Amino acid sequence: MSNLIVLPMAVPVLAGIILVFFRNQVQIQRWISLIVMLANAGLAIYLLNLIQAEGVMRLDFGGWEPPFGILFVADSFSVILVLTTSVVAAVCLLYAFSSIGKRYENMFFYSFVNFLVAGVNGSFLTGDLFNLYVCFEIMLLASYVLIALGGKKAQLRESIKYVLVNVISSWFFLIAIAYLYGSIGTLNMAHISERIAETGQAPLLTVISIVFLTVFGLKAGLLLYFWLPGSYSVAPTAVAALFGGLLTKVGIYAMIRVFTLFFYHEPSISHSLIGVMAALTLIGGSIGAVAYKDIRLIVSYNVVIAVGFILVGLAVATPAALEGSIYYLMHDMIVKTLLFLLAGTMIAVTGKTKINEMSGLIRNYPLLGWMFFIVMLSLAGIPPFSGFIGKVLVGQGTVEAGSYVLLTLAFISSIFVLYSLLRIFLGCFWGETIISIEDKVPMKRGWLFPSILLTFATIGLGLGAEFLAPYVSDAANTLLDPEVYIDAVLYE
Amino acid sequence: MRTNNVILRAVVKLVVFIILTLAVYLFLSGHHSPGGGFIGGLVLASAFVLLFIAFDIETVRHAIPFDFKKVAALGAFISVSTGFASLVFGEAFLTQAFDYFELPFFGKTELSTVTIFESGVALVVVGVVVTIILSIVEDV
């Protein structure tokens, strides 16, 4: 028992509540939120090392032993994601300080960012299926507020779609949980896994697994991504970056967890289906990414491609592929946030959103241009940057499993990513400058600094892959061997 | 147009006290039987809403000068703090405790930390319900 593992969720909740009392003291709100995120990051690093030494940790709330009570379980995979979430959230907060405006800050903006992070961390850490649903809802409720806050016409249109899609998918989630509880009789994740392994995965359970796949497909944007590009492109930059970095990743996490811990007995059905959905997502996302001229839409479709890529790793489910997925998940959280921040900054300095309306930005804002270049290389998977190791490992996994179709699609999609971003780079940064010296919007340091931090993070993640390797391989081993998780939860 | 609502006001003045008593009863009975912070809070909020209907908003705001958003936040703060309080005693998060005490008037009484948690829930419900009703009223 260690109370430390509840803090990544409980502290942001408490902070979010306290911030309500400081509605008009914006400085206090900013500092409390930032300190909470940084403290979470430090705590996650500490926990990660503790898990390497002592194995998977758990905390039974109120002292109720599993499988009766609700509990949090921290394994390497969860804590790696908590760490990345804290970093991403801290950077988005830094960007929000100089971009979001007083109107948002007075309307409990920082409270809801804290609640969002609490929901995300809770989803990563929980060891109870119904509690996973609750944490999803905390995250989604906060995201409903953040996407609608501001009240522009486009925002209202997209947020209605977003809320409807998510309410319906949450309802399906609840039904799926009810089916599973009806047939297995427990909600503790380790206990579910053990019981399915005992009784064998009957056809009924496989059907239930498909319901879960549909739900998480909607949340993660796997094949069912129709709602994603629209709603991610209307929110203010800091919020869009937070969504792009975090929200779909929670769906991906849940999918990886459910299909490695519960439903791993019938890979010919469930994992093949994930493979097909991932392939279609890669194709659809690639087409979307090259089809539009609006920078925000191109960036949003890049989120979709990454979802497909990460779940290719789950579909083949070899050790190398899962390690690759974990690396790529971390990489993608950082780089997608960076991409959204850079795209938002470009729109903020030019006031335009389409590729063909801007050009020559690199003359006015060289640093912005070069950072965009680095992101592009990183997303395409060029070596020193963070995308490389994930792509290589996922590729290796697909070769080992002999699924060459997924391999081909995954790497062709990388070319599409490169092409779609190169189009932005060539169109917006090269060519004759459109901004004269006197019209030039001064670049705020608060806009560039968060992006610089994340650029260093992507370089560091690429160069430090060796340093991260023991943590990631421990995470993949726990995923591949459910016994480790079950033993830690039920028999210690 | 002003409607003559003397009867409504006279009844409300009386009924509000009955509702408030019922709310407290439901809140306390929730410890072992149906009831609890959520239901008690809802009934409590219905008393406030009834006041807002019978009298105009300005009058009631003057009589009950709370910012209901802050009431909700205070309630949430109380509830979450009871979770954190268990950390101070080295117990698992959200651990609750209870014991029996000899109180002068009530005799042997069970006092528990769950009641503190539930009072937080009740405040959240009151704050949220009244905030929702007031913002709908302001829109019209």
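Residues numbered from 1 in each chain as written. Chains lettered and ligands numbered in written order. Predicted model: local features only at pLDDT ≥ 70, side-chain atom pairs only at ≥ 80, totals over all residues.

The name given to chain B in an unreviewed UniProt entry is Na(+)/H(+) antiporter subunit B, with Oceanobacillus bengalensis as the source organism. Of chain B, the UniProt comment under Subcellular location (unreviewed entry) reads exactly: "Cell membrane". As its UniProt record puts it under Sequence similarities (unreviewed entry), chain B is described as follows: "Belongs to the CPA3 antiporters (TC 2.A.63) subunit B family." (UniProt positions renumbered as here; feature names shortened; annotations may be inferred.)

As recorded by an unreviewed UniProt entry, chain A carries the name Na+/H+ antiporter subunit D and is attributed to Oceanobacillus bengalensis. Under the UniProt heading Sequence similarities (unreviewed entry), the entry covering chain A gives this text: "Belongs to the CPA3 antiporters (TC 2.A.63) subunit D family."

A. Quick look at the interface of chain B and chain A. Facing the 15 residues of chain B at the interface are 15 residues of chain A. Along the lines of polarity and charge, the residues of the side of chain B that touches chain A split into nine nonpolar, three polar and three charged. (Contact = placed C-beta atoms within 7 Å. Nonpolar A, V, L, I, M, F, W, Y, C, P; charged D, E, K, R; others polar.)

B. A look at the packing of helix 17 (residues 387-401) of chain A against helix 18 (residues 404-429) of chain A. Residues and elements named next belong to chain A. Where helix 17 meets helix 18, the closest approach of the two axes is 9 Å, and the angle between their N-to-C directions is 160°. The angle between helix 17 and helix 18 places the two elements in the roughly antiparallel class. The handedness of the crossing between helix 17 and helix 18 comes out as left-handed. Residue-level inspection shows K391, V394, G395, T398 and V399 of helix 17 in contact with helix 18, the latter providing L406, L407, A410, F411 and S414. Taken together, the residues of the contact of helix 17 with helix 18 break down into six nonpolar, three polar and one charged. (Axes fitted to C-alpha atoms, helices over the stretch in contact; angles between N-to-C directions. Helix = DSSP H or I, 4+ residues; strand = E, 2+ residues; numbered from the N terminus. Parallel < 35°, antiparallel > 145°, perpendicular 65-115°, else oblique. Left-handed = near helix turned anticlockwise from the far one by under 90°.)

C. Structural context of the environment of G221 of chain A. Residue and element names in this part refer to chain A. You can see G221 is positioned in the loop between helix 9 (203-220) and helix 10 (228-234). G221 sits in the buried class, given 26 other C-beta atoms within 10 Å. Separated by 81 residues in the primary sequence, G221 and L140 place their C-alpha atoms 14 Å from one another. In contact with G221, other than residues within four places in its own chain, are L228, T248, V303, V304 and V307. (Buried ≥ 20, exposed ≤ 12 C-beta atoms within 10 Å, placed from the backbone.)

D. Expanded view of the UniProt feature "domain: Na+/H+ antiporter MnhB subunit-related protein" (unreviewed entry) in chain B. As annotated in UniProt, the feature "domain: Na+/H+ antiporter MnhB subunit-related protein" (unreviewed entry) corresponds to residues 7-131 of chain B in the numbering used here. In the segment residues 7-131 of chain B, helix accounts for 70% and strand for 10%; the C-alpha atoms at its two ends are 27 Å apart.

E. Looking closely at the confidence of the model for chain B. Within chain B, residue pLDDT values average 89, and 96% of them lie at 70 or more. For this predicted complex, the interface score ipTM comes out at 0.90, while the overall pTM is 0.94. (pLDDT = per-residue confidence, 0-100.)

F. Representation of the pairing of strand 2 (residues 107-112) of chain B. Residue and element names in this part refer to chain B. Along strand 2, only zero of the six residues are buried, which leaves the element largely exposed. Relative to strand 2, strand 1 (residues 98-103) runs antiparallel, the two sharing six bridges. Bridge pairing in strand 2 places D99 opposite L111. (Pairing = 2+ DSSP bridges.)

G. How the structure looks around the pairing of strand 1 (residues 57-60) of chain A. Residues and elements named next belong to chain A. Along strand 1, one buried face is formed by M57 and L59 and the opposite face, lined by R58 and D60, is buried too. Taken together, the four bridges between strand 1 and strand 2 (residues 71-74) define a ladder with antiparallel strand orientation. Looking at the pairing, R58 lines up with V73 of strand 2.

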